[in-house]
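# Observations on chain architecture
Residues per chain are reported as follows:
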Amino acid sequence: MSPNYKFIKISTIASILGISVGAVFGALLRILLGIIFGTYCEEPELYEGSWLIWKASSGDPGNVGSGTSAFCVTTSGISDQYGGALFVDLPANVLGCFLMGFLQSGKVLNIPSDVNLAFLSATSKAQKWSSLHLGLKTGFCGALTTFSSWNTQMVVMLNGSTAEHGSQGMSVLFGYGIGLQVALAAYASGMHAAMFFHRRVNKAHAMEEDMVEDQKQSAAQMMITQPSDHYKFYSGLPDFERHFLQDILDEKEVEAIRMEFPNVIEAIERWKNSTFFHRKRNFDFRKDLRDLECALICEEDIEMDRLESLIKVADQNSWDVTSLREYIEAKVDMTSTVRKQTKYFGISLAAVLLLVLFILFMIGLNSGDENDEGEKELGINQMLCISGIFAPFGALLRW
C-alpha cells in the first residue's frame, strides 16, 4: 500500500491563498481610508511626494485639507486637533461592517434560499467558490475592520499622558458609543442591501416569497384552494428543486443548465411529470411524496421500513423513482464539476495576484529616497508595502 503524500488538501490551499489576497487589499484599504479621512490632516508633512494623497496646485494655505483628496473628518485624539470620538479607523469599520452584512448567505438573512452569497444570482459559479467567500469575509473584511486599533486609541485618549489636550473621558465615551452603533447600523444596512439585490437577480426566490405572503393573506381571509402549508411543503428541498417543482424557476436558468448538463434537466423533468397529478390535483399522498423527495434528494435520515413503504407508494402511483435517482447522480456529477472548475481557477488567480502584489511591494520597498549617508529611508509608501506583506499572516492566524 503506497504512502499518502497529500499532506494539505487542495481546498485548504485555495482557502489560504484566498484569505491572503483578501487580507492584503483589506489592510491597504484600511490604511488608505485612515489617511484620507484624518491622518493626513494631522501630519501632512509625512505624505509629501506620496501618491496616496492627490494635491491640487491651488488651495487654502490655512486649511490643511484644502486642495487635496483628504477630508479631515477623523482624528487620532493625541494631536493638537480636538476630538477623537470620530476615531481614525471609523470609516474603515463602517465600510467593513457594511460589506460583512452585504456578503451574508441566504440562511443568515433568513430568506428561503441556500445561496452562499445572497446578493448574487443563485446560478452564479461564484456561489460554489468557497475560497472566494473566505477571502472576502475573513481576509478582506477581517483586515479592513479593526477593534484593536479603535480600542487602543480610546485607551490612549482616556489616559491622556501622550495627548496634547490631556485625558478626554467624554470623547472616549462618545467614541465607544459611536463606534458600536455605527458598526451595527452599517452591518444591518449591508444585510438589507443584500436582500434588495437578492430579489432583483433571483426572480424565482422573489416569486416564492410573494407566493408565501399571498398565501398568508388568503389564509387570513379563508380563501384557500390548496392545503394551507402548500409552499411550506417544499421548504426542505434545495433551491433548484423547490423552484423547479413549483414551476417558478426562471426559464433562463433552466436553459443555462440544460445547455451544459442536459441529463440533469431531462431526469428531473421526467420525475416532475410522473408526480404532477399528486403534486397539483390530488393531495392524498402529498406527505409521502414530500418524505420520499427529502429522503432521496436531501439524504434525510429515515427508517428503512418507512423508505420501503414510500417506494411501494411510488410504484402504486407510477412515480418515476428511477428518474429521480438518475437526477440525483447527475446533480452530484454537475456539482463536482463546477466545484473543481472554480477551485482550480481560484487557486490560479489568487496565486498570480499574490505574486504580483509581492513583486510590487518589493519594488516599493526599494524605491525610497536616500538620506545623506546613502541609506534608504522608510517613507509612508514603504510602510504601506510592509503592512501589505505582513497582512496575510495576521489574517491566517486569526482564521
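Provided above is the structure to which this section pertains.
Attention here is on the structure that accompanies the text. (Residues numbered from 1 in each chain as written. Predicted model: local features only at pLDDT ≥ 70, side-chain atom pairs only at ≥ 80, totals over all residues. Heavy atoms only, no water.)

## Notes on unusual backbone geometry
- Positive phi, normally seen in glycine, also occurs at Asn-110, with a value near 60 degrees.
- On the basis of relative accessibility, which here comes to 69%, the residue Asn-110 falls in the exposed class.
- Despite not being glycine, Ser-318 shows a phi value in the positive range, around 60 degrees.
- Residue Ser-318 is classed as exposed on the basis of its relative accessible area, which comes to 55%. (Buried < 20%, exposed > 50% of the residue type's maximum accessible area, 1.4 Å probe, protein only.)

## Overview of the packing of aromatic side chains
- Counted according to the given criterion, the structure contains 8 aromatic pairs.
- Here the aromatic rings of Phe-98 and Phe-102 are separated by 6.1 Å at their centres, their planes lie at 10 degrees, and the arrangement is stacked. Linking Phe-98 with Phe-102, this pair stays in helix 2 (residues 90-102), spanning 4 residues, or about one helical turn.
- Exposure remark for Phe-102: the relative accessible area of 14% places this residue in the buried category.
- On the basis of an interplanar angle of 80 degrees and a centroid distance of 6.4 Å, the ring pair of Trp-271 and Trp-319 is categorised as edge-to-face. Taken together, the residues Trp-271 in helix 9 (residues 262-274) and Trp-319 in the loop between helix 12 (304-316) and helix 13 (321-365) connect sequence positions 48 residues apart. Take Trp-271 and Trp-319: they sit in the same class, and that class is buried.
- What links up through ring pairs into an aromatic cluster is the set Phe-98, Phe-102, Phe-119, Phe-196 and Phe-197.
- A cation sits over an aromatic face here: Lys-272 above Phe-244, 4.7 Å from the ring centre. (Phe/Tyr/Trp six-rings, centres within 6.5 Å; stacked < 30°, edge-to-face > 60°. Helix = DSSP H or I, 4+ residues; strand = E, 2+ residues; numbered from the N terminus. Lys NZ or Arg CZ within 6 Å of the ring centre and 35° of its normal.)

## Considering the nonpolar core
- The biggest cluster of nonpolar side chains holds 33 residues, and the ones touching the most others in it are Phe-240, Trp-271, Leu-292 and Tyr-327.
- Elements that contribute at least two residues to this core include exactly helix 7 (239-245), helix 8 (251-260), helix 9, helix 11 (286-297), helix 12 and helix 13.
- With 7 residues, helix 13 is the single largest residue contributor to this core.
- Filtering out sequence-adjacent residues up to four positions away, Tyr-327 remains in contact with Phe-240, Glu-241, Val-264, Ala-267 and Ile-268.
- In this structure, Ala-92, Leu-103, Ile-111 and Met-191 belong to the second largest nonpolar core, which totals 17 residues. (Core = buried A, V, L, I, M, F, W, Y, C linked by side-chain atoms within 4.5 Å. Contact = heavy atoms within 4.5 Å.)

## Focus on the environment of Met-191
- Its location among the elements puts Met-191 in helix 5 (residues 169-201).
- Of the residues examined, Met-191 reaches a relative accessible area of 19% and is grouped as buried.
- Sequence separation between Met-191 and Phe-102 is 89 residues, and the spatial gap between their C-alpha atoms is 5.0 Å.
- Among all residues touching Met-191, those that are not within four sequence positions of it are Gly-101, Phe-102, Val-108 and Leu-109.

## Concerning the pattern of salt bridges
- Scanning all chains against the criterion turns up 13 salt bridges.
- Its salt-bridge partner being Asp-239, residue Arg-242 comes within 2.9 Å of it at the nearest N-O pair. A residue pair is termed a helical-turn pair when its members lie 3 or 4 positions apart in one helix, as Arg-242 and Asp-239 do in helix 7 at 3 residues. Residues Arg-242 and Asp-239 agree in their burial class; the two are buried.
- Between Lys-287 and Asp-291 there is a salt bridge, with the nearest N and O atoms lying 2.9 Å from each other. Of the two residues, Lys-287 and Asp-291 are both situated in helix 11; the distance of 4 residues between them amounts to about one turn of the helix.
- On the basis of relative accessible area, Asp-291 is assigned to the buried category, the value being 12%.
- Residues joined in a network through salt bridges with shared partners are Lys-287, Asp-288, Arg-290, Asp-291 and Arg-306. (Salt bridge = Lys/Arg side-chain N within 4 Å of Asp/Glu carboxyl O.)

Geometric descriptors of this kind do not, in isolation, establish any biological role.
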